[in-house]
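# Close look at the chain arrangement
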There are 2 protein chains.
Amino acid sequence: MSKNRKQELLEIAYKMFITKGYDNTSVDEIIKEADIAKGTFYYYFDSKDEVLDLVINDMIDKEIIVASKYIEMQIPIEQKLIGIITSLRPSIDEKNIAIALNDDTNIKMHRKYNDKLIDSGTKLLKEIILEGINKGIFNCNNIEERIKLLLIMSNELFDNNNYSEKDIEVFVDTTEKMLGASKGSMNFIANLIGGKYNG
Amino acid sequence: MSKNRKQELLEIAYKMFITKGYDNTSVDEIIKEADIAKGTFYYYFDSKDEVLDLVINDMIDKEIIVASKYIEMQIPIEQKLIGIITSLRPSIDEKNIAIALNDDTNIKMHRKYNDKLIDSGTKLLKEIILEGINKGIFNCNNIEERIKLLLIMSNELFDNNNYSEKDIEVFVDTTEKMLGASKGSMNFIANLIGGKYNG
DNA sequence: ATTAGAAAAACCGACTAACAGTCTGTATGA
DNA sequence: TCATACAGACTGTTAGTCGGTTTTTCTAAT
(Lines give C-alpha, C1' and ligand atoms only; values in the text may rest on other atoms or scores of the structure.)
Protein backbone atom coordinates (compact mmCIF):
# COMPACT_ATOMS: atom_id res chain seq x y z
CA MET A 1 0.00 0.00 0.00
CA SER A 2 2.99 2.37 0.30
CA LYS A 3 3.81 3.20 -3.33
CA ASN A 4 0.10 3.12 -4.07
CA ARG A 5 -0.77 5.53 -1.33
CA LYS A 6 1.80 8.05 -2.44
CA GLN A 7 0.61 7.82 -6.03
CA GLU A 8 -2.99 8.04 -4.89
CA LEU A 9 -2.21 11.20 -2.97
CA LEU A 10 -0.49 12.70 -5.98
CA GLU A 11 -3.50 11.95 -8.16
CA ILE A 12 -5.88 13.52 -5.67
CA ALA A 13 -3.62 16.54 -5.39
CA TYR A 14 -3.35 16.79 -9.17
CA LYS A 15 -7.11 16.78 -9.62
CA MET A 16 -7.61 19.38 -6.92
CA PHE A 17 -4.82 21.63 -8.21
CA ILE A 18 -6.38 21.58 -11.68
CA THR A 19 -9.96 22.09 -10.62
CA LYS A 20 -9.46 24.47 -7.70
CA GLY A 21 -6.01 25.86 -8.29
CA TYR A 22 -2.84 25.29 -6.29
CA ASP A 23 -3.16 28.31 -4.04
CA ASN A 24 -6.78 27.51 -3.31
CA THR A 25 -6.13 23.89 -2.37
CA SER A 26 -5.08 23.45 1.24
CA VAL A 27 -3.29 20.45 2.66
CA ASP A 28 -6.26 20.02 4.99
CA GLU A 29 -8.54 19.64 2.00
CA ILE A 30 -6.27 17.13 0.34
CA ILE A 31 -6.07 14.90 3.41
CA LYS A 32 -9.81 15.18 3.92
CA GLU A 33 -10.38 14.04 0.33
CA ALA A 34 -7.86 11.23 0.78
CA ASP A 35 -9.25 10.40 4.21
CA ILE A 36 -5.88 10.39 5.92
CA ALA A 37 -4.30 12.36 8.76
CA LYS A 38 -1.94 15.29 8.52
CA GLY A 39 0.96 13.21 9.75
CA THR A 40 0.50 10.74 6.93
CA PHE A 41 0.66 13.47 4.33
CA TYR A 42 3.90 14.77 5.76
CA TYR A 43 5.21 11.24 6.07
CA TYR A 44 5.16 11.03 2.27
CA PHE A 45 5.99 14.62 1.38
CA ASP A 46 8.20 17.28 2.88
CA SER A 47 5.96 20.16 1.85
CA LYS A 48 2.99 21.18 -0.24
CA ASP A 49 5.50 22.61 -2.67
CA GLU A 50 7.13 19.23 -3.15
CA VAL A 51 3.74 17.82 -4.08
CA LEU A 52 3.39 20.51 -6.71
CA ASP A 53 6.79 19.65 -8.15
CA LEU A 54 5.94 15.95 -8.31
CA VAL A 55 2.54 16.62 -9.84
CA ILE A 56 4.06 18.83 -12.51
CA ASN A 57 6.76 16.29 -13.25
CA ASP A 58 4.06 13.71 -13.87
CA MET A 59 2.15 16.09 -16.10
CA ILE A 60 5.19 16.92 -18.21
CA ASP A 61 6.26 13.28 -18.39
CA LYS A 62 2.91 12.43 -19.95
CA GLU A 63 3.23 15.22 -22.49
CA ILE A 64 6.74 14.08 -23.33
CA ILE A 65 5.56 10.52 -23.98
CA VAL A 66 2.96 11.76 -26.45
CA ALA A 67 5.41 14.15 -28.07
CA SER A 68 8.08 11.47 -28.40
CA LYS A 69 5.95 9.47 -30.80
CA TYR A 70 6.54 12.06 -33.50
CA ILE A 71 10.23 11.18 -33.66
CA GLU A 72 9.72 7.76 -35.22
CA MET A 73 6.85 8.75 -37.49
CA GLN A 74 7.32 8.79 -41.26
CA ILE A 75 6.36 12.41 -41.83
CA PRO A 76 8.22 15.52 -42.99
CA ILE A 77 10.66 16.97 -40.48
CA GLU A 78 8.71 20.20 -40.27
CA GLN A 79 5.65 18.28 -39.19
CA LYS A 80 7.64 16.36 -36.61
CA LEU A 81 8.93 19.59 -35.16
CA ILE A 82 5.55 21.21 -34.96
CA GLY A 83 3.91 18.02 -33.77
CA ILE A 84 6.27 17.93 -30.84
CA ILE A 85 5.87 21.59 -29.98
CA THR A 86 2.09 21.38 -30.02
CA SER A 87 2.10 18.08 -28.12
CA LEU A 88 4.05 19.70 -25.33
CA ARG A 89 1.21 22.10 -24.73
CA PRO A 90 -1.90 20.82 -22.92
CA SER A 91 -4.15 19.11 -25.49
CA ILE A 92 -7.86 19.62 -26.12
CA ASP A 93 -8.99 17.09 -23.55
CA GLU A 94 -6.67 18.82 -21.11
CA LYS A 95 -8.26 22.18 -21.64
CA ASN A 96 -8.88 22.41 -17.90
CA ILE A 97 -5.12 22.21 -17.42
CA ALA A 98 -4.59 25.16 -19.73
CA ILE A 99 -7.29 27.08 -17.91
CA ALA A 100 -5.83 26.19 -14.53
CA LEU A 101 -2.32 27.15 -15.55
CA ASN A 102 -3.54 30.49 -16.70
CA ASP A 103 -5.50 31.28 -13.59
CA ASP A 104 -4.22 34.11 -11.46
CA THR A 105 -4.01 31.88 -8.39
CA ASN A 106 -1.76 29.41 -10.22
CA ILE A 107 1.13 31.63 -11.15
CA LYS A 108 3.59 29.47 -9.26
CA MET A 109 2.29 26.27 -10.85
CA HIS A 110 2.39 27.85 -14.27
CA ARG A 111 5.95 28.99 -13.93
CA LYS A 112 7.19 25.62 -12.73
CA TYR A 113 5.32 23.92 -15.54
CA ASN A 114 6.91 26.10 -18.21
CA ASP A 115 10.40 25.79 -16.78
CA LYS A 116 10.17 22.04 -16.67
CA LEU A 117 8.69 21.95 -20.15
CA ILE A 118 11.60 23.87 -21.63
CA ASP A 119 13.99 21.57 -19.85
CA SER A 120 12.36 18.37 -21.08
CA GLY A 121 11.35 19.63 -24.49
CA THR A 122 14.84 20.72 -25.48
CA LYS A 123 16.20 17.18 -25.48
CA LEU A 124 13.41 16.00 -27.76
CA LEU A 125 13.61 18.82 -30.24
CA LYS A 126 17.37 18.63 -30.55
CA GLU A 127 17.17 15.29 -32.33
CA ILE A 128 14.65 16.57 -34.83
CA ILE A 129 16.54 19.71 -35.66
CA LEU A 130 19.81 17.88 -36.14
CA GLU A 131 18.00 15.52 -38.49
CA GLY A 132 16.60 18.52 -40.35
CA ILE A 133 20.02 20.11 -40.68
CA ASN A 134 21.50 16.87 -42.00
CA LYS A 135 18.79 16.66 -44.62
CA GLY A 136 19.32 20.28 -45.64
CA ILE A 137 15.85 21.32 -44.53
CA PHE A 138 17.03 23.50 -41.66
CA ASN A 139 20.11 25.64 -41.59
CA CYS A 140 21.25 27.17 -38.30
CA ASN A 141 23.82 27.09 -35.52
CA ASN A 142 23.39 27.29 -31.72
CA ILE A 143 20.65 24.72 -31.78
CA GLU A 144 19.91 24.47 -28.08
CA GLU A 145 19.63 28.21 -27.70
CA ARG A 146 17.22 28.39 -30.61
CA ILE A 147 15.11 25.62 -29.15
CA LYS A 148 14.97 27.44 -25.86
CA LEU A 149 13.68 30.58 -27.58
CA LEU A 150 11.22 28.53 -29.58
CA LEU A 151 9.78 26.92 -26.46
CA ILE A 152 9.71 30.23 -24.62
CA MET A 153 7.66 31.73 -27.42
CA SER A 154 5.36 28.75 -27.62
CA ASN A 155 4.84 28.71 -23.87
CA GLU A 156 4.10 32.37 -23.45
CA LEU A 157 2.08 32.77 -26.59
CA PHE A 158 -0.14 29.71 -26.65
CA ASP A 159 -0.97 28.72 -23.12
CA ASN A 160 -3.32 31.50 -22.47
CA ASN A 161 -6.22 31.12 -24.85
CA ASN A 162 -5.90 34.72 -25.94
CA TYR A 163 -3.84 34.49 -29.09
CA SER A 164 -4.92 35.58 -32.56
CA GLU A 165 -4.42 34.36 -36.11
CA LYS A 166 -1.71 36.97 -36.46
CA ASP A 167 0.12 35.60 -33.43
CA ILE A 168 0.26 32.20 -35.12
CA GLU A 169 1.35 33.78 -38.39
CA VAL A 170 4.23 35.58 -36.71
CA PHE A 171 5.20 32.50 -34.74
CA VAL A 172 5.36 30.43 -37.94
CA ASP A 173 7.33 33.07 -39.76
CA THR A 174 9.77 33.48 -36.89
CA THR A 175 10.22 29.74 -36.43
CA GLU A 176 11.00 29.25 -40.12
CA LYS A 177 13.49 32.06 -40.12
CA MET A 178 15.28 31.20 -36.92
CA LEU A 179 15.80 27.61 -38.03
CA GLY A 180 16.70 28.58 -41.58
CA ALA A 181 13.77 26.66 -43.06
CA SER A 182 12.33 27.72 -46.39
CA LYS A 183 9.55 30.25 -46.34
CA GLY A 184 6.09 28.76 -46.09
CA SER A 185 7.35 25.29 -45.20
CA MET A 186 5.62 25.48 -41.83
CA ASN A 187 2.45 27.19 -42.86
CA PHE A 188 0.46 24.13 -41.86
CA ILE A 189 1.08 25.08 -38.22
CA ALA A 190 -1.79 27.50 -38.38
CA ASN A 191 -4.30 24.68 -38.86
CA LEU A 192 -2.71 22.51 -36.21
CA ILE A 193 -2.51 25.10 -33.50
CA GLY A 194 -5.75 26.73 -34.47
CA GLY A 195 -7.51 23.36 -34.40
CA LYS A 196 -5.80 22.24 -31.27
CA TYR A 197 -6.49 25.26 -29.16
CA ASN A 198 -9.46 27.11 -30.53
CA GLY A 199 -11.56 24.19 -31.74
CA MET B 1 -0.08 63.90 4.77
CA SER B 2 -2.51 61.53 3.02
CA LYS B 3 -0.98 61.21 -0.44
CA ASN B 4 2.43 61.25 1.20
CA ARG B 5 1.62 58.46 3.57
CA LYS B 6 0.38 56.20 0.80
CA GLN B 7 3.47 56.88 -1.26
CA GLU B 8 5.66 56.39 1.78
CA LEU B 9 4.06 53.01 2.39
CA LEU B 10 4.60 52.02 -1.23
CA GLU B 11 8.26 52.95 -1.02
CA ILE B 12 8.74 50.94 2.14
CA ALA B 13 6.93 47.99 0.59
CA TYR B 14 9.01 48.30 -2.56
CA LYS B 15 12.27 48.21 -0.66
CA MET B 16 11.20 45.25 1.41
CA PHE B 17 9.87 43.31 -1.58
CA ILE B 18 13.17 43.80 -3.37
CA THR B 19 15.42 42.99 -0.45
CA LYS B 20 13.39 40.25 1.22
CA GLY B 21 11.07 39.09 -1.51
CA TYR B 22 7.31 39.51 -1.77
CA ASP B 23 6.36 36.19 -0.21
CA ASN B 24 8.77 36.74 2.65
CA THR B 25 7.51 40.21 3.49
CA SER B 26 4.49 40.17 5.76
CA VAL B 27 2.06 43.00 6.20
CA ASP B 28 2.99 43.00 9.87
CA GLU B 29 6.59 43.69 8.95
CA ILE B 30 5.63 46.50 6.59
CA ILE B 31 3.51 48.27 9.21
CA LYS B 32 6.20 47.80 11.81
CA GLU B 33 8.75 49.39 9.50
CA ALA B 34 6.33 52.22 8.70
CA ASP B 35 5.31 52.51 12.36
CA ILE B 36 1.59 52.40 11.68
CA ALA B 37 -1.23 50.09 12.69
CA LYS B 38 -2.81 47.31 10.68
CA GLY B 39 -5.98 49.29 10.20
CA THR B 40 -4.05 52.14 8.59
CA PHE B 41 -2.49 49.82 6.09
CA TYR B 42 -5.86 48.45 5.07
CA TYR B 43 -7.28 51.95 5.02
CA TYR B 44 -4.98 52.71 2.09
CA PHE B 45 -4.90 49.33 0.39
CA ASP B 46 -7.43 46.57 -0.12
CA SER B 47 -4.86 43.80 0.02
CA LYS B 48 -1.19 42.96 0.03
CA ASP B 49 -1.63 42.00 -3.60
CA GLU B 50 -2.83 45.47 -4.50
CA VAL B 51 0.35 46.86 -2.99
CA LEU B 52 2.36 44.55 -5.21
CA ASP B 53 0.48 45.75 -8.27
CA LEU B 54 1.06 49.40 -7.38
CA VAL B 55 4.73 48.82 -6.62
CA ILE B 56 5.24 47.07 -9.94
CA ASN B 57 3.41 49.81 -11.81
CA ASP B 58 5.79 52.33 -10.30
CA MET B 59 8.78 50.19 -11.22
CA ILE B 60 7.69 49.81 -14.83
CA ASP B 61 6.78 53.48 -15.13
CA LYS B 62 10.32 54.40 -14.19
CA GLU B 63 11.77 52.00 -16.74
CA ILE B 64 9.44 53.40 -19.39
CA ILE B 65 10.58 56.97 -18.69
CA VAL B 66 14.20 55.97 -19.21
CA ALA B 67 13.39 53.94 -22.29
CA SER B 68 11.34 56.75 -23.81
CA LYS B 69 14.40 58.97 -24.10
CA TYR B 70 15.71 56.82 -26.94
CA ILE B 71 12.85 57.84 -29.18
CA GLU B 72 14.05 61.42 -29.64
CA MET B 73 17.76 60.63 -29.77
CA GLN B 74 19.71 61.11 -33.00
CA ILE B 75 20.98 57.56 -33.36
CA PRO B 76 20.34 54.73 -35.84
CA ILE B 77 16.95 53.07 -35.57
CA GLU B 78 18.51 49.76 -34.64
CA GLN B 79 20.18 51.38 -31.67
CA LYS B 80 16.94 53.01 -30.61
CA LEU B 81 15.20 49.68 -30.71
CA ILE B 82 17.82 47.89 -28.71
CA GLY B 83 18.23 50.81 -26.35
CA ILE B 84 14.58 50.61 -25.49
CA ILE B 85 14.54 46.85 -25.07
CA THR B 86 17.53 46.90 -22.77
CA SER B 87 16.22 49.89 -20.84
CA LEU B 88 13.05 48.01 -20.08
CA ARG B 89 15.04 45.40 -18.20
CA PRO B 90 16.36 46.30 -14.74
CA SER B 91 19.60 48.23 -15.17
CA ILE B 92 22.96 47.65 -13.52
CA ASP B 93 22.19 49.74 -10.47
CA GLU B 94 18.96 47.81 -10.18
CA LYS B 95 20.69 44.48 -10.09
CA ASN B 96 18.94 43.71 -6.83
CA ILE B 97 15.66 44.00 -8.71
CA ALA B 98 16.77 41.42 -11.23
CA ILE B 99 17.91 39.16 -8.44
CA ALA B 100 14.68 39.62 -6.55
CA LEU B 101 12.54 38.98 -9.61
CA ASN B 102 14.36 35.76 -10.22
CA ASP B 103 14.10 34.47 -6.71
CA ASP B 104 11.93 31.43 -6.20
CA THR B 105 9.80 33.22 -3.63
CA ASN B 106 9.00 36.00 -6.08
CA ILE B 107 7.36 34.08 -8.87
CA LYS B 108 4.18 36.07 -8.56
CA MET B 109 6.00 39.40 -8.59
CA HIS B 110 8.08 38.32 -11.55
CA ARG B 111 5.08 37.31 -13.58
CA LYS B 112 3.22 40.52 -12.92
CA TYR B 113 6.32 42.52 -13.78
CA ASN B 114 6.78 40.81 -17.12
CA ASP B 115 3.12 41.08 -18.08
CA LYS B 116 3.07 44.77 -17.33
CA LEU B 117 6.35 45.28 -19.15
CA ILE B 118 5.03 43.71 -22.34
CA ASP B 119 1.96 45.86 -22.11
CA SER B 120 3.82 49.12 -21.62
CA GLY B 121 6.76 48.28 -23.86
CA THR B 122 4.66 47.50 -26.90
CA LYS B 123 3.44 51.08 -27.25
CA LEU B 124 6.97 52.43 -27.15
CA LEU B 125 8.45 49.98 -29.61
CA LYS B 126 5.67 50.39 -32.13
CA GLU B 127 6.77 53.93 -32.94
CA ILE B 128 10.33 52.88 -33.53
CA ILE B 129 9.50 49.97 -35.76
CA LEU B 130 7.12 52.02 -37.87
CA GLU B 131 9.86 54.58 -38.28
CA GLY B 132 12.24 51.80 -39.31
CA ILE B 133 9.82 50.44 -41.86
CA ASN B 134 9.30 53.90 -43.35
CA LYS B 135 13.04 54.34 -43.71
CA GLY B 136 13.41 50.92 -45.32
CA ILE B 137 15.53 49.57 -42.49
CA PHE B 138 12.93 47.08 -41.26
CA ASN B 139 10.55 45.09 -43.38
CA CYS B 140 7.73 43.20 -41.71
CA ASN B 141 3.99 42.99 -41.10
CA ASN B 142 2.01 42.26 -37.91
CA ILE B 143 4.11 44.67 -35.93
CA GLU B 144 2.42 44.39 -32.56
CA GLU B 145 2.57 40.63 -32.59
CA ARG B 146 6.26 40.73 -33.42
CA ILE B 147 6.92 43.17 -30.62
CA LYS B 148 5.12 40.91 -28.21
CA LEU B 149 7.33 37.98 -29.20
CA LEU B 150 10.39 40.17 -28.97
CA LEU B 151 9.57 41.28 -25.45
CA ILE B 152 8.65 37.75 -24.41
CA MET B 153 12.06 36.55 -25.56
CA SER B 154 13.85 39.43 -23.91
CA ASN B 155 11.98 38.90 -20.65
CA GLU B 156 12.48 35.20 -20.35
CA LEU B 157 16.02 35.16 -21.64
CA PHE B 158 17.66 38.09 -19.93
CA ASP B 159 16.13 38.55 -16.55
CA ASN B 160 17.72 35.61 -14.97
CA ASN B 161 21.44 36.16 -15.02
CA ASN B 162 22.02 32.75 -16.55
CA TYR B 163 22.30 33.50 -20.22
CA SER B 164 25.29 32.85 -22.41
CA GLU B 165 27.01 34.55 -25.34
CA LYS B 166 25.21 32.15 -27.60
CA ASP B 167 21.86 33.18 -26.17
CA ILE B 168 22.61 36.76 -27.10
CA GLU B 169 23.83 35.72 -30.54
CA VAL B 170 20.61 33.83 -31.23
CA PHE B 171 18.50 36.66 -29.86
CA VAL B 172 20.22 39.15 -32.16
CA ASP B 173 19.89 36.89 -35.15
CA THR B 174 16.22 36.20 -34.47
CA THR B 175 15.43 39.86 -33.88
CA GLU B 176 17.05 40.89 -37.15
CA LYS B 177 15.20 38.21 -39.07
CA MET B 178 11.80 38.71 -37.53
CA LEU B 179 11.89 42.45 -38.22
CA GLY B 180 13.39 42.03 -41.68
CA ALA B 181 16.51 43.98 -40.79
CA SER B 182 19.73 43.33 -42.66
CA LYS B 183 22.02 40.66 -41.26
CA GLY B 184 24.52 41.96 -38.74
CA SER B 185 22.83 45.34 -38.35
CA MET B 186 22.15 44.61 -34.69
CA ASN B 187 25.38 42.89 -33.79
CA PHE B 188 26.21 45.69 -31.42
CA ILE B 189 23.54 44.29 -29.07
CA ALA B 190 26.03 41.79 -27.78
CA ASN B 191 28.17 44.53 -26.24
CA LEU B 192 25.21 46.37 -24.86
CA ILE B 193 23.51 43.46 -23.20
CA GLY B 194 26.74 41.81 -22.22
CA GLY B 195 27.96 45.02 -20.61
CA LYS B 196 24.65 45.78 -19.09
CA TYR B 197 24.05 42.49 -17.42
CA ASN B 198 27.29 40.66 -16.95
CA GLY B 199 29.60 43.59 -16.20
C1' DA C 1 -13.17 86.93 12.16
C1' DT C 2 -14.08 83.46 15.65
C1' DT C 3 -15.58 79.47 17.26
C1' DA C 4 -18.91 75.50 18.31
C1' DG C 5 -19.90 71.51 16.56
C1' DA C 6 -20.90 68.19 12.99
C1' DA C 7 -19.11 65.38 9.44
C1' DA C 8 -15.51 63.13 7.09
C1' DA C 9 -10.93 61.40 6.79
C1' DA C 10 -7.15 59.17 9.01
C1' DC C 11 -5.78 56.02 12.16
C1' DC C 12 -5.65 52.34 15.92
C1' DG C 13 -4.90 47.50 17.65
C1' DA C 14 -7.21 43.50 19.38
C1' DC C 15 -9.32 39.95 17.05
C1' DT C 16 -10.50 36.01 13.64
C1' DA C 17 -9.97 32.35 10.45
C1' DA C 18 -7.12 29.81 7.61
C1' DC C 19 -3.03 27.93 6.75
C1' DA C 20 1.55 24.99 6.44
C1' DG C 21 4.10 22.44 9.06
C1' DT C 22 5.49 19.88 13.83
C1' DC C 23 5.45 16.67 17.40
C1' DT C 24 4.50 12.91 20.20
C1' DG C 25 2.78 9.30 19.85
C1' DT C 26 0.34 4.31 18.23
C1' DA C 27 -0.51 0.26 15.23
C1' DT C 28 1.31 -3.12 12.04
C1' DG C 29 4.14 -6.02 9.51
C1' DA C 30 8.81 -8.25 8.70
C1' DT D 1 12.32 -5.82 17.97
C1' DC D 2 12.79 -2.71 14.76
C1' DA D 3 11.38 -0.08 10.91
C1' DT D 4 7.56 1.41 8.19
C1' DA D 5 3.15 3.51 8.11
C1' DC D 6 -0.10 6.16 10.08
C1' DA D 7 -2.74 9.28 13.54
C1' DG D 8 -4.42 13.93 15.14
C1' DA D 9 -3.88 17.51 18.48
C1' DC D 10 -1.00 21.41 18.53
C1' DT D 11 1.91 25.69 17.13
C1' DG D 12 3.17 29.82 14.85
C1' DT D 13 2.42 32.81 11.24
C1' DT D 14 -0.31 35.04 8.14
C1' DA D 15 -3.82 38.21 5.59
C1' DG D 16 -7.60 40.48 6.51
C1' DT D 17 -11.68 42.46 9.75
C1' DC D 18 -14.06 45.38 12.82
C1' DG D 19 -15.61 48.58 16.20
C1' DG D 20 -13.81 52.34 18.01
C1' DT D 21 -10.78 56.79 18.59
C1' DT D 22 -8.32 60.75 17.07
C1' DT D 23 -7.51 64.35 13.86
C1' DT D 24 -8.69 67.27 10.23
C1' DT D 25 -11.95 69.79 7.44
C1' DC D 26 -16.13 71.94 6.57
C1' DT D 27 -20.28 74.66 8.07
C1' DA D 28 -22.81 78.09 10.24
C1' DA D 29 -24.06 81.01 13.78
C1' DT D 30 -22.29 84.63 16.66
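Residues numbered from 1 in each chain as written. Chains lettered and ligands numbered in written order. Predicted model: local features only at pLDDT ≥ 70, side-chain atom pairs only at ≥ 80, totals over all residues. Heavy atoms only, no water.

Bringing the layout of surface pockets into the picture now. Here the largest pocket defines a volume of roughly 690 Å³. Around the largest pocket, the lining comprises 31 residues; the ones closest to its centre are Asp 115, Ile 118 and Lys 148 of chain A together with Glu 156 and Asn 160 of chain B. If you list the elements that add at least two residues to the lining of the largest pocket, you get α7 (107-134) and α8 (143-158) of chain A together with α7 (107-134) and α8 (143-158) of chain B. With nine residues, α7 of chain A is the single largest residue contributor to the lining of the largest pocket. Counted by class, the lining of the largest pocket contains seven nonpolar, 10 polar and 14 charged residues. By volume, the second largest pocket is sized at about 360 Å³. In terms of lining, the second largest pocket is formed by 17 residues, of which the most central are Glu 156 and Asn 160 of chain A together with Asp 115, Ile 118 and Lys 148 of chain B. Top contributing element to the lining of the second largest pocket by residue count: α7 of chain B, with four residues. Here the residues of the lining of the second largest pocket sort into four nonpolar, six polar and seven charged. (1 Å grid on protein atoms, 1.4 Å probe; cavity = no way out; pocket = protein on both sides within 12 Å on 5 of 7 lines; lining within 4 Å. Points joined across faces, edges and corners; volume = space filled by probe spheres on them. Helix = DSSP H or I, 4+ residues; strand = E, 2+ residues; numbered from the N terminus. Nonpolar A, V, L, I, M, F, W, Y, C, P; charged D, E, K, R; others polar.)

To continue, consider the environment of Glu 11 of chain B. Residues and elements named next belong to chain B. Checked against the element boundaries, Glu 11 lands in helix α1 (residues 2-20). For Glu 11, a relative accessible area of 45% gives the class partly exposed. C-alpha separation for the pair Glu 11 and Asp 58, spaced 47 residues apart in sequence, amounts to 9.6 Å. (Buried < 20%, exposed > 50% of the residue type's maximum accessible area, 1.4 Å probe, protein only.)

Residues and elements named next belong to chain B. Relative to each other, helix α4 (residues 48-72) and helix α5 (residues 77-88) sit at 175 degrees, their axes nearing to 8 Å. In terms of orientation, α4 and α5 fall into the roughly antiparallel class. The segment α4 lies against α5, with Glu 63, Ile 64, Val 66, Ala 67, Tyr 70 and Ile 71 engaging Gln 79, Lys 80, Gly 83, Ile 84, Ser 87 and Leu 88. Looking at the contact of α4 with α5 residue by residue, the class counts come to seven nonpolar, three polar and two charged. (Axes fitted to C-alpha atoms, helices over the stretch in contact; angles between N-to-C directions. Parallel < 35°, antiparallel > 145°, perpendicular 65-115°, else oblique. Contact = heavy atoms within 4.5 Å.)

For the rest of this paragraph, the subject is the packing of aromatic side chains. One pass over the structure, following the stated rule, counts 12 aromatic pairs over all chains. Considering the side-chain rings of Phe 158 of chain A and Phe 171 of chain A, the 5.0 Å spacing of their centres and the 85 degrees angle between planes classify their relative orientation as edge-to-face. Within this pair, whereas Phe 158 of chain A is found in helix α8, its partner Phe 171 of chain A is found in helix α9 (residues 165-179), the two being separated by 13 residues in sequence. As far as burial versus exposure is concerned, Phe 158 of chain A and Phe 171 of chain A are alike and both buried. Each member of the aromatic cluster is reached from another via a ring pair, and the members are Phe 41, Tyr 42 and Phe 45 of chain A. Positioned above the aromatic ring of Tyr 14 of chain A is the side chain of Lys 62 of chain A, whose terminal nitrogen or guanidinium carbon lies 5.8 Å from the ring centre. Here the basic side chain of Lys 48 of chain B rests over the ring of Tyr 22 of chain B, its NZ or CZ set 4.3 Å away from the ring centre. (Phe/Tyr/Trp six-rings, centres within 6.5 Å; stacked < 30°, edge-to-face > 60°. Lys NZ or Arg CZ within 6 Å of the ring centre and 35° of its normal.)

With an axial shift of 0.0 Å and an RMSD of 0.1 Å, the rotation relating chain B to chain A amounts to 180 degrees. Both copies are brought into coincidence by an operation consistent with a two-fold rotation axis. Same-surface contact between copies: 100% of interface residues of chain B are shared with the interface of chain A. (Least-squares fit on C-alpha atoms with pLDDT ≥ 70 in both.)

Residue-level pLDDT values for chain A average 89, and 92% of them are 70 or greater. Across residues 195-199 of chain A, confidence stays below pLDDT 50; counting only partners more than four residues off in sequence or on other chains, it has 18 contacts. (pLDDT = per-residue confidence, 0-100.)

Here the focus is the interface of chain B and chain A. Opposite the 25 residues of chain B that make contact, chain A presents 25 residues. Buried area between chain B and chain A, summed over both chains or domains, comes out near 2,600 Å², and the portion from carbon and sulfur atoms is 60%. Our count for the contact surface shared by chain B and chain A stands at eight residue pairs in polar contact (both at pLDDT 80 or more). Residue assignment for the side of chain B that touches chain A shows that the elements contributing at least two residues are α7, α8 and α9 (165-179) of chain B. With nine residues, α9 of chain B is the largest single contributor of residues to the side of chain B that touches chain A. Within the side of chain B that touches chain A, the residues separate by chemical class into eight nonpolar, six polar and 11 charged. (Buried area = accessible area lost by both parts, 1.4 Å probe. Polar contact = N/O pair within 3.5 Å; in protein donor to acceptor, adjacent residues only side chain to side chain.)

It is worth spelling out the protein's contact with DNA strand C at this point. DNA strand C sits among 16 residues. The nearest are Lys 38 of chain A together with Gly 39, Thr 40, Tyr 43 and Tyr 44 of chain B. Per the 4 Å cut-off to the protein, sugar and phosphate atoms form 63% of the nearby atoms of DNA strand C. Within the backbone of Ala 37 of chain B, an N or O atom sits 3.1 Å from a phosphate oxygen of DNA strand C. In this structure, Tyr 44 of chain B approaches DNA strand C through a side-chain N or O atom, which is 2.2 Å from a phosphate oxygen. Elements that contribute at least two residues to the surface near DNA strand C include exactly α3 (38-44) of chain A together with α1 and α3 (38-44) of chain B. Per-element tally for the surface near DNA strand C: the top contributor is α3 of chain B, with five residues. Here the residues of the surface near DNA strand C sort into six nonpolar, six polar and four charged. (Near = heavy atom within 4 Å.)

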